[in-house]
Amino acid sequence: MWSGDELDLDAYLARIGIRGESRGGGGGELRPDLETLYAVHRAHTGAITFESLDVMLGRPVELAVKAIEDKLVHAGRGGYCYEQNSLLAAALERIGFEVSGRGARNRTRGDALTPVTHAVLVVTVEGQPWLCDAGFGYQGPREPVPLGRPGAEVRQGAWTYRVREEPDGVLVLCFLRGGTWRDLYAFSPQRYHPVDYVLLNHYSSTHPRSAFIGRAIVQHPGDDLRRTLVGRELVRLHPDGREERDTVAPEALPGLIGREFGLRLPERDAAELVRIHRAGD
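Heads up: these notes are all about the structure in this document. (Residues numbered from 1 in each chain as written. Predicted model: local features only at pLDDT ≥ 70, side-chain atom pairs only at ≥ 80, totals over all residues. Heavy atoms only, no water.)

### Details of the overall build of the chain
For clarity, the threshold we go by: Segments assigned H or I by DSSP are reported as helices when at least four residues long, segments assigned E as strands when at least two residues long, and all are numbered from the N terminus. With C-alpha atoms as the basis for the radius of gyration, the globule rule is written as 2.2 Å multiplied by the number of residues raised to the power 0.38. Between buried and exposed lies partly exposed: a residue is buried under 20% and exposed over 50% of the maximum accessible area for its type, with that area taken using a 1.4 Å probe on protein chains only. Whether two residues touch is decided by their heavy atoms; if any such pair falls within 4.5 Å, the residues are in contact. Under the convention used here, a 1.4 Å probe and the Shrake-Rupley method define accessible areas, while residue burial counts only the protein chains that appear.
Secondary structure summary: the chain contains nine helices and 13 strands in total. By the compact-globule yardstick of 19 Å for 281 residues, the chain fits well, its C-alpha radius of gyration being 18 Å. Here the C-alpha coordinates of the chain stretch approximately 55 × 40 × 35 Å along the principal axes. Across the 281 residues in the chain, those meeting the buried criterion constitute 53%. Taking all contacts inside the chain whose residues are at least 6 apart in sequence as the whole, residues at least 24 apart take part in 59%. When the accessible surface of the chain is summed, it comes to about 12,500 Å², and 48% of that surface belongs to carbon and sulfur atoms.

Take a look at the structure:
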């Protein structure tokens, strides 16, 4: 389903920093077990930055596996949820995992009812479902989150998550931030397929109300510090809930994206990034 047979798995593993010594069984082939799922998910979220710069630049976002591989693996770029989780799904499928998609509603915007625009994955290991999500930016999980134990708190380094179940069967991923539990997103049991993500991707990359239109969004969920750049505002989030906020001059954006997020933009893209944000002043 996820075109895992088309993925250059060795190139992907090299991109996220997994090599022979990290593979299950003392250097052998990766196996579809929980140890491997944790290792791949954590390595992916650590290595590949969340970013939607192509949307800002007015370029189409391609979801064919080879197109995603060219961009996120070979070109060293990042991507947003449809790209990130399609790539992760292809890799996990290639390894032998059972992977299905879900569509989620963002709940970080207060009480507003948002459309289903976020793509997540459910991976089944030994009969148990796990939420896998490499594409929710700086607040997203670094590792799989169990879905079979609603309410259980899951510690991931300095950060804590839990999944709660609502009366209608909707599952909600929650994030402990500054001592307060906050909803990140909610999703139903309905399965989504790659073709569904094509439709959602079209909305997110072209609709004038999309949050990704006309501004840079670059994020990374670090172990001890989480960073997000939205437009010209850089926020550093600490585990205790403290935030450091800085406004970045348009001319400083390309350098900052390189230093803080490890993305090196071609000169033409850097110039367009500066131009767009100057125009917003």
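Don't stop here, the text continues.
### A closer look at helix H9 (residues 267-279)
Stated precisely, the cut-off is as follows: In this scheme, a helix's expected span is set at 1.5 Å multiplied by one less than its residue total. The directions from the helix axis to the C-beta atoms form the arc being described.
For H9, with 13 residues, the first-to-last C-alpha span of 18 Å sits near the 18 Å given by 1.5 Å per residue. Asp269, Ala270, Leu273, Val274, Ile276 and His277 are the residues of H9 that are buried. Take H9 and look down its axis: the buried residues cluster within an arc of 165°, on one side only. Along H9, exposed side chains directed more than 90 degrees from the buried face belong to Glu267, Arg268 and Ala279. Contact partners of the buried residues in H9: helix H4 (53-56) and helix H8 (253-261).

### What about helix H7 (residues 194-206)?
In a regular helix each residue adds 1.5 Å, so 13 residues correspond to 18 Å; H7 covers 18 Å between its end C-alpha atoms and thus fits that length. Here the buried face of H7 lies against H4, helix H6 (81-95), strand S2 (98-106) and strand S3 (116-125).

### Some remarks on the side chain of Asn201
The criterion, for reference: We call two N or O atoms a polar contact when they sit within 3.5 Å, provided that within protein one can donate a hydrogen and the other can accept it, with sequence-adjacent residues counted only if both atoms are side-chain atoms.
Take Asn201: it is sitting in helix H7. Residue Asn201 is classed as buried on the basis of its relative accessible area, which comes to 6%. A distance of 2.5 Å separates a polar atom in the side chain of Asn201 from a polar atom in the side chain of Tyr80.

### Concerning unusual backbone geometry
In this structure, Ser3 takes a positive phi of about 60° despite not being glycine. Summarising the element assignment, Ser3 is placed in the segment before helix H1 (9-16). The exposure class assigned to Ser3 is partly exposed, which follows from its relative accessible area of 26%. We note that Glu126 has phi near 50°; this positive angle belongs to a residue other than glycine. Here Glu126 shows up in the loop between S3 and strand S4 (128-132). Overall, the relative accessible area of 77% leaves Glu126 in the exposed class.

### Here's the deal with the pairing of strand S11 (residues 226-230)
Defined as follows: A pair of strands counts as paired when DSSP detects no fewer than two bridges linking them.
Bridge count for strand S10 (residues 217-221) against S11 is five bridges, and the pairing is antiparallel. Paired with Ile217 across the bridge in S11 is Val230. Two strands pair when backbone bridges link them, and S11 and strand S12 (residues 233-237) are joined in this way by five bridges, in the antiparallel orientation. When the bridges of S12 are listed, Arg226 appears paired with Leu237. Remark: two residues form the turn of the hairpin made by S11 and S12, two consecutive strands paired antiparallel; Gly231 in that turn has positive phi of roughly 65°.

### As for the sheet that holds strand S1 (residues 50-51)
Pairing in this open sheet of five strands is antiparallel, and the strands run S1-S10-S11-S12-S13 from one edge to the other. Looking at the sheet topology across the chains shown, the edges are occupied by S1 and strand S13 (243-247). Here five bridges tie S12 to S13, and the two strands are oriented antiparallel to one another. If you follow Val235 over to S13, its bridge partner there is Arg245.

### As for the environment of Arg164
Considering the arrangement of structural elements, one finds Arg164 in strand S7 (residues 159-165). Owing to a relative accessible area of 28%, Arg164 belongs among the partly exposed residues under this scheme. Sequence spacing of Arg164 and Ala186 is 22 residues, and the spatial spacing of their C-alpha atoms is 9.4 Å. Sequence-distant contacts of Arg164, that is, excluding residues within four places in its chain, are made with Arg107, Gly151, Val170, Leu171, Val172, Cys174 and Asp183. At a separation of 2.7 Å, a polar atom in the side chain of Arg164 contacts the side chain of Asp183.

### With respect to the packing of aromatic side chains
Just so we agree on the cut-off: Any two rings among Phe, Tyr and Trp, with Trp reduced to its six-membered ring, count as a pair given centres within 6.5 Å; such a pair is stacked if its planes are under 30 degrees apart, edge-to-face if over 60, and tilted if neither. Charge-over-ring placement is defined geometrically: NZ (Lys) or CZ (Arg) within 6 Å of the ring centre, and within 35 degrees of the ring normal.
Evaluated as defined, the whole model comprises 11 aromatic pairs. Judged by centre distance (6.0 Å) and plane angle (35°), the rings of Trp2 and Tyr197 are tilted. Here Trp2, found in the segment before H1, pairs with Tyr197, found in helix H7; they are 195 residues apart in sequence, far enough to count as distant. Neither Trp2 nor Tyr197 differs from the other in exposure class; each is buried. Relative to Tyr197, the ring of Tyr192 lies with its centre 6.3 Å away and its plane at 25°, an arrangement referred to as stacked. The pair formed by Tyr192 and Tyr197 is uniform in burial state, with each residue classed as buried. Each member of the aromatic cluster is reached from another via a ring pair, and the members are Trp2, Phe50, Tyr80, Tyr82, Tyr192, Tyr197 and Phe212. Sitting above the plane of the Trp181 ring, Arg162 keeps its charged end 4.2 Å from the centroid. Directly above the ring of Trp159 sits Arg226, whose terminal nitrogen or CZ lies 4.6 Å from the centroid.

Just geometry here; none of it tells us what the structure is for.
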